[in-house]
Amino acid sequence: MTTFAQHAEQLSTTTLLRFATAGSVDDGKSTLVGRLLHDSKSVLTDQLEAVEHASRNRGQEAPDLALLTDGLRAEREQGITIDVAYRYFATPRRRFILADTPGHVQYTRNMVTGASTAELAVVLVDARNGVVEQTRRHAAVAALLRVPHVVLAVNKMDLVDYAEPVFAAIAEEFTAYAASLGVPEITAIPISALAGDNVVEPSAHMDWYGGPTVLEHLETVPVSHDLTACHARFPVQYVIRPQTAEHPDYRGYAGQIAAGAFRVGEAVTVLPSGRTSTIAGIDALGESVDIAWAPQSVTIRLADDIDVSRGDLIAPADDAPAVTQDVEATVCHVADQPLAVGQRVLLKHTTRTVKAIVKDIPSRLTLDDLSQHPAPGRLVANDIGRVVVRTAEPLALDAYADSRRTGSFLLIHPADGTTLTAGMAGEAFAAAAAGEETAADDTEWDF
């Protein structure tokens, strides 16, 4: 029997994959996730018994595996997914964090939330319906969020007699669309989540398919967690000044390394001030180290006594991002209240929050055909569009295409703290429509 220590050691040597599932309504996302958990022996006995009991109460002979992820009462009653459900499971080869996202158009913002940190997206398609508008929408969102791997799971193959031509036609259409969006890798797999075909075990009904099962692909897809090759970025979260007898002159800057690596003796620039210094020391877990890398939480000490505070960004002197007060970005509006031109907001980027104003909304993206609706004037919930924001203070912002960590930001309501919009700096996969800059009437926020 495997001891706890052996199990912990085993997990520590496996890699971690974050992935999200998406698809149109009733394509079987929750059933696929439930089947994945069930067949990979990742469901506790009491959880399975609860699902079996709930299924019997609903008059179902077989357990409804979708209930393993649809946890909200409204989800169970309506048979739909409303909120993002996160599940954690592991196999001997890899650990997983799974985000089961909703399929309804009005919950597109939830899909953005679930896929924002994902390295892989599983897009489900009903074999009877093929690629529909919501399928294209989810593929476009995955491309916008720079998700590097996309799996097309053609579900309910049992309802089309496991016909290879049906699968081939859907795979060809989806692959051509996703490739046009710039998705770097697309893998198509024919499955039946209800029957378990090609989810964990290979299907006996589709001998014409020679590729991996869903779980096999999830276990073997290459995932790069090596952020040390990225542009080094260290957002300062907290300034440590003990001012004790033991540490009378200690001044350290604590935070989590967002990307890259930092070394003692390295020349760095503090942004947005632009002041330069060298790294005198790095403290990690109470010990001094010569090098630290993402995503470690450390304290960096500088050789010079310069003004550094929360929200500043430390970067290599020869590889510092440009500082700007004019932010152009693709955004997904997530709040029920609209975002309008001239609106005053707070912009949160890493550990820095500054006042800002929406100067222009050049276009809104129609995701089903990727057309641009010019000058919409405002964005409503689930809209994706281009915005131009002017900030009160300079920001050290990377392009989202270069760094998902330091190229993303949030727009926040200044009065109640509500998250309004999730932003991705720089260009999207489609060229933004040109728009004239619109001046705000309120001079107090007109920076």
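So, how was this worked out
In every chain, residue numbers begin from 1 and rise along the written sequence. Given that the model is predicted, a residue must reach a pLDDT of at least 70 before its local features are reported, and side-chain atom pairs must reach 80 or more before they are shown or counted; all residues, however, enter totals for whole chains, interfaces and linings. Values reported for side chains reflect all heavy atoms of the structure, with hydrogen atoms and water molecules removed beforehand. Helix and strand definitions follow DSSP, with helices as H or I runs of at least four residues and strands as E runs of at least two, each counted in order from the N terminus. Using a 1.4 Å probe on the protein chains alone, a residue whose accessible area is under 20% of its type maximum counts as buried, one over 50% counts as exposed, and one in between counts as partly exposed. By definition, a salt bridge exists where a carboxyl oxygen of Asp or Glu is found within 4 Å of a side-chain nitrogen of Lys or Arg. Aromatic pairing here means that ring centres of Phe, Tyr or Trp (its six-membered ring) are within 6.5 Å. Orientation follows from the plane angle: under 30 degrees is stacked, over 60 is edge-to-face, and everything else is tilted. A pair of strands counts as paired when DSSP detects no fewer than two bridges linking them. What makes two residues a contact is simply this: any of their non-hydrogen atoms within 4.5 Å. Pairs of N or O atoms are called polar contacts if they sit within 3.5 Å, as long as, within protein, a hydrogen donor faces a hydrogen acceptor (for residues adjacent in sequence, only side-chain-to-side-chain pairs). Axis lines are fitted through C-alpha atoms, for helices just across the contact stretch, and the angle between N-to-C directions can take any value from 0 to 180 degrees.

A. Structural detail: unusual backbone geometry. Between Leu-271 and Pro-272 the backbone carries a cis peptide bond, its omega angle lying at 15 degrees. Omega for the peptide link from Ala-294 to Pro-295 comes to 0 degrees, which places this bond in the cis form. With respect to the secondary-structure elements, Pro-295 resides in the loop between β14 (291-293) and β15 (297-302). Of note in the backbone geometry, Asp-161 takes a positive phi value of approximately 60 degrees without being a glycine. Along the chain, Asp-161 turns up in the loop between β5 (149-155) and α7 (164-180). Residue Asp-161 is classed as exposed on the basis of its relative accessible area, which comes to 69%. Residues other than glycine seldom take positive phi values, yet Asn-198 does so here, at roughly 60 degrees. The residue Asn-198 is located in the loop between β6 (185-190) and α8 (214-220) in this model.

B. Expanded view of the pattern of salt bridges. Within the structure shown, the criterion is met by 11 salt bridges. Between Glu-393 and Arg-352 there is a salt bridge, and its shortest N-O distance comes to 2.9 Å. With Glu-393 in strand β23 (residues 384-396) and Arg-352 in strand β20 (residues 352-366), this pair connects stretches of sequence that are 41 residues apart. Put simply, Glu-427 and Arg-386 hold a salt bridge, and the shortest N to O gap is 3.8 Å. Here the residue Glu-427 occupies a position in the segment after β25 (419-425), and Arg-386 occupies one in strand β23, the gap between them amounting to 41 residues. Owing to a relative accessible area of 5%, Arg-386 belongs among the buried residues under this scheme. Within the structure, one salt-bridge network assembled from shared partners comprises Asp-126, Arg-128 and Lys-156.

C. Highlighting the packing of aromatic side chains. Counting across every chain of the model gives five aromatic pairs. For the pair Phe-167 and Trp-208, a centre-to-centre distance of 5.7 Å together with 40 degrees between the ring planes defines the contact as tilted. Pair noted here: Phe-167 is in helix α7 and Trp-208 is in the loop between β6 and α8, with a separation of 41 residues, a long-range link. An aromatic cluster of at least three residues, connected via ring pairs, comprises Phe-19, Phe-89 and Phe-96.

D. Expanded view of the pairing of strand β19 (residues 344-349). Only one face of β19 is buried, namely the one carrying Val-345, Leu-347 and His-349, since none of Arg-344, Leu-346 and Lys-348 on the opposite face is buried. The sheet contact formed by β19 and β20 spans six bridges and is antiparallel. Pairing of Lys-348 across the sheet is with Thr-353, part of β20. Where β19 folds back on β20, the antiparallel hairpin that results is connected by two residues, among which Thr-350 adopts a positive phi of roughly 50 degrees. Judged from the three bridges that link them, β19 and strand β24 (residues 408-412) form a sheet pairing that is antiparallel.

E. The environment of His-231, seen in detail. For His-231, the position within the fold is in the loop between α8 and β7 (234-235). Placed 172 residues apart in sequence, His-231 and Ser-403 show a C-alpha to C-alpha distance of 8.0 Å. Filtering out sequence-adjacent residues up to four positions away, His-231 remains in contact with Ala-259, Gly-260 and Asp-319. Polar contacts involving the side chain of His-231 include one to the side chain of Asp-319, which spans 2.9 Å.

F. Broad picture of the environment of Pro-202. Take Pro-202: it is sitting in the loop between β6 and α8. According to the relative accessible area criterion, Pro-202 is exposed, its value standing at 63%. With 12 residues separating them along the chain, Pro-202 and Val-214 place their C-alpha atoms 9.3 Å apart.

G. Just the sheet that holds strand β4 (residues 120-126), in detail. Spatially, the six strands line up as an open sheet ordered β2-β3-β1-β4-β5-β6, and their pairing is mixed. A single partner strand is all that each edge strand has here, and the edge strands are β2 (85-90) and β6. For this sheet, the mean inter-axis angle between neighbouring strands, taken without regard to orientation, is 20 degrees. By the bridge criterion, seven bridges tie strand β1 (residues 15-23) to strand β3 (residues 94-100) in an arrangement that is parallel. Looking across to β3, one finds that Phe-19 is bridged to Leu-98. Helix-sheet contacts for helix α5 (residues 108-115) involve β1, β2 and β3, and the interaxial angle to β1 is about 165 degrees.

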